[in-house]
Amino acid sequence: MDFTLTETQSLLKDTAERLVREKYTFDERKKIVAADESYSKALWDEFASLGLLGVEIDEDCGGIGGSFADLAIVLEAFGRGLVVEPYLSTVVIGVGLINTADKGDRRKDLLTQVAAGTLTLALAHGEPKSRYSLEHVETRARKDGGDYVINGAKAVVIGGDSADKLIVSARTDGNATDRNGVTLFLVDGNAAGIHKRAYRNMDDRGAAEITFENVRVPESAVLGPVGGALPLIEAANDRGAAALCCEAAGAMKAVNEITLEYLKTRNQFGRPIGKFQVLQHRMADMAMAEEQARSMVYLAVDFANEPDAAERAQAISAAKVQISHSGQIVGRGAVQLHGGIGMTIELVVGHYMRRLTSIEKMFGDIDWHIGRFAAA
Amino acid sequence: MDLKYPERAARFADEVRAFVRKELPAEIRDKVQRRQKITPEDQRTWQRKLCDKGWACPSWPKEYGGPGFDVMERMIFDNICSEEGAPSALPFGELMISPVLFAVGSPEQKAQLLPKIRTLEYWFCQGFSEPGSGSDLASLRTRAVQDGDDWVINGQKMWTSGAHNANWIFMLVRTNTEVKQQEGISMFVFPMSTPGITVRPIVTMDGEHHTNETFFDNVRVPKTALIGEVNKGWTYAKLLLGHERTSIARIGQSKRELRRLKALASEINITGAPLMDHTPFRDRVAAVEIELLALEITALRAIAKGGSPGVEANLLKVKGSEIQQKLTELFMDAAGPYGLPFDPDRGLHDGNEPIGFDEAASLGPNYLMTRVVTIYGGSNEIQRNIVSKTLGL
Ligand SMILES: Cc1cc2nc3c(=O)[nH]c(=O)nc-3n(C[C@H](O)[C@H](O)[C@H](O)COP(=O)(O)OP(=O)(O)OC[C@H]3O[C@@H](n4cnc5c(N)ncnc54)[C@H](O)[C@@H]3O)c2cc1C
């Protein structure tokens, strides 16, 4: 566990924080969220030109060949900015899967495109009945000559509304909840037979329900081992959870700063409301929750790419549980301490609560992670 | 579990249930149960049915046109109506301004206002809070100055919920700046159509327009708009807020939500078994149910005591609001990933299949909006301050 920043990390931090400060003000964000497109392509290009899309991508693919710890710096800044661009789905999940599961020319080609900002990705894995259990896959891919034909439905696919390519999990073998028999396919986002119902999530990120109706892909669309993709999916889920921990830390820090300032400036009964002891204690609890969460971010970052699945699972679950509890304390507390004004959509405070709530519900909720931690 | 009510009460419960099932239009019931937006027309439709039956304004005594229910009947009526998906009464007219009118309204005011509050012809909103005066309500600055036989009002109110649907307002204004804050406040009621009033929407984080800011620019009202005596408004406000707080407890609604939560969690499967059998979740639900049972009995004791609500109003508000929030949190837990898709319309579209499951679209907005219950009606911090004061601290 290293608490100091490397030179690359300091640079990334400056870049990402400046971007958020200057280009992702709350007013700018409102415009992005109000648009028809679920994210700003112009900003995505800017992420690319600043190198933010290629943090974990090898240099020969146009990236900076960094680590998850480097990525964490960007994610924290994006948490502060409540960024809605499909960074999580493309850069954390998509790149992670391609880095570990793909090889050769296609790998190079995909990563190069991601780094350049010309390719967005989304993992279409969760299903209407799977909830958080990762082995639950009912979607089927049937072998037909040299092709696979995919049928099924995927639920709440983060970034799935806009992704150029989907990484789709489907059963090539076995029953709905078998650990074996799941295969990943790389499919064009608008391939024939794909139907999307796009929407925004509570945190304003784009997502979609996606159905696959006889979607035909060649054998070469397979990503990773046939029938053996579950470990890859578990790793991707853990990376997603770890990334959200980083985002949450940024969001909590920001909203705690805003709330603290409000306690000092809002007057009632002839004094700043921060003079009331009950609010002092609540703010103190929020500050402590933020610190506990930040500590667990270090754990999550250390284990995000850990190859030992059992060790990784336990660490990530521990982090996700702490971050989720902290997120509740901070998000709900911030709204309460602001009083009525905290309820309005015009104030950023409620949006932090919305993001922190969403984070809690993605890649496993508290019960799922507590259960996994305890069973380890 | 359910409380034991006496035989007579059980018969009354059956009667109320039969009435609601027969008279409440199914589409309104569905909207209520799915936490969707109830339109003013829906509200009026139900109010008409209640009026016809003689059950409108269930908290009112007979002499003012209420049903004159006793303690047990009121509780049962509220529980059954909520349970069966009837829209809850709008608090402003029936529950807030009316008790003040009973106590200090002039005979003319009572005769003019009460019958129309009962039919919802007069739809009230509440102009108390201001940008600088929320918890510290007594610091309010909206002014009323006497001019001949009239009063002229200038200032701004904040959070006037439903002002965009209301045609009447009751409000607190400053009528004397020379005395202690609480002693220079008066209460007025007048139509929203009075010239000089501007209503601007405030959208809350659930994406919905519930509330407003309201501006008063030389709003001239007759002296008959004054309630009770001049500069006594604070005393009346305290009476009114006691009723507001009691109404925020929403025990019947929480009982309905608890039942629906259990039903939903029995349908949702988690690794092959119903979520409702999943121990950590089941135990969290049970814990809320126990708190709610205690609160129901506390409410019964409060009603039985009679008189205007005292410190028990603070208790009911604090516990009732916290229970409501816990229920929305449990619903979000039950929804899992399907708590994420966000739709400010709460799934109220024509023809579209729901995303995930039937009620899913209402859970996120409802969870967010329910954060308000610990803020409005006097925040829970303020309620606890009052409780500790009555304890002598
Ligand atoms: C959606 C919505 C609808 C509303 N509807 C209406 C309406 O119809 N009519 C109306 O008049 N008002 C309405 N209100 C206003 C509501 O009553 C106020 O928001 C509430 O009284 C709190 O005031 P405030 O928002 O100014 O917060 P503040 O008073 O500024 O409070 C901020 C924080 O400080 C705390 N605090 C303040 N003083 C103390 C203290 N002495 N000790 C400890 N903690 C303290 C509060 O608890 C809160 O956590 C509504 C509000 C909302 C959000």
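Residues numbered from 1 in each chain as written. Chains lettered and ligands numbered in written order. Predicted model: local features only at pLDDT ≥ 70, side-chain atom pairs only at ≥ 80, totals over all residues. Heavy atoms only, no water.

> Talk me through the domain arrangement of chain B; I want residue IDs and the actual numbers.
Residues and elements named next belong to chain B. Splitting chain B by domain gives domain 1 (7-89), domain 2 (124-234) and domain 3 (249-390). Its C-alpha centre places domain 2 at a distance of 31 Å from the equivalent point of domain 3. Taken together, the contact between domain 2 and domain 3 spans seven residues of the former and nine residues of the latter. Summed over both partners, the interface of domain 2 with domain 3 comes to about 600 Å²; 66% of that surface belongs to carbon and sulfur atoms. When residues of domain 2 are sorted by the area they lose upon contact with domain 3, S135, M205 and D206 head the list and together hold 71% of the total. Counting every contact that joins domain 2 to domain 3 gives one salt bridge. Between R346 and D206 there is a salt bridge, and its shortest N-O distance comes to 3.5 Å. If you look at where domain 2 meets domain 3, you find zero residue pairs in polar contact (both at pLDDT 80 or more). (Domains from an automatic or database assignment. Contact = heavy atoms within 4.5 Å. Buried area = accessible area lost by both parts, 1.4 Å probe. Salt bridge = Lys/Arg side-chain N within 4 Å of Asp/Glu carboxyl O. Polar contact = N/O pair within 3.5 Å; in protein donor to acceptor, adjacent residues only side chain to side chain.)

> How would you sum up the side chain of T214(B)? Please name residues and give values.
Residue and element names in this part refer to chain B. Tracing the chain through its elements places T214 in strand β7 (residues 209-222). T214 gets classed as buried once you look at its relative accessible area, which sits at 0%. A polar contact of 2.5 Å, which involves the side chain of T214, links it to the side chain of T160. Once you skip the residues sitting within four places of it in the chain, T214 turns out to touch G155, Q156, K157, T160, A163, I197, T198 and V199. (Helix = DSSP H or I, 4+ residues; strand = E, 2+ residues; numbered from the N terminus. Buried < 20%, exposed > 50% of the residue type's maximum accessible area, 1.4 Å probe, protein only.)

> Tell me about the pattern of salt bridges, residues and numbers included.
Considering all chains together, one arrives at 65 salt bridges over all chains under this definition. Notably, a salt bridge pairs K165(A) with D188(A), separated by 2.8 Å at the nearest N-O pair. Taken as a pair, K165(A) in strand β4 (residues 165-171) and D188(A) in strand β5 (residues 182-188) lie far apart in primary sequence, 23 residues in all. For K165(A), a relative accessible area of 21% puts it in the partly exposed group. Residue D188(A) is classed as partly exposed on the basis of its relative accessible area, which comes to 38%. Connected through shared salt-bridge partners, E360(A), K361(A), D367(A), R284(B) and D333(B) make up one network.

> Can you lay out unusual backbone geometry for me, pointing to particular residues and giving the numbers?
In the Ramachandran plot, R131(A) falls in the positive-phi region, its phi being about 50 degrees despite a non-glycine side chain. With a phi close to 65 degrees, N231(B) is a non-glycine residue in the positive phi region.

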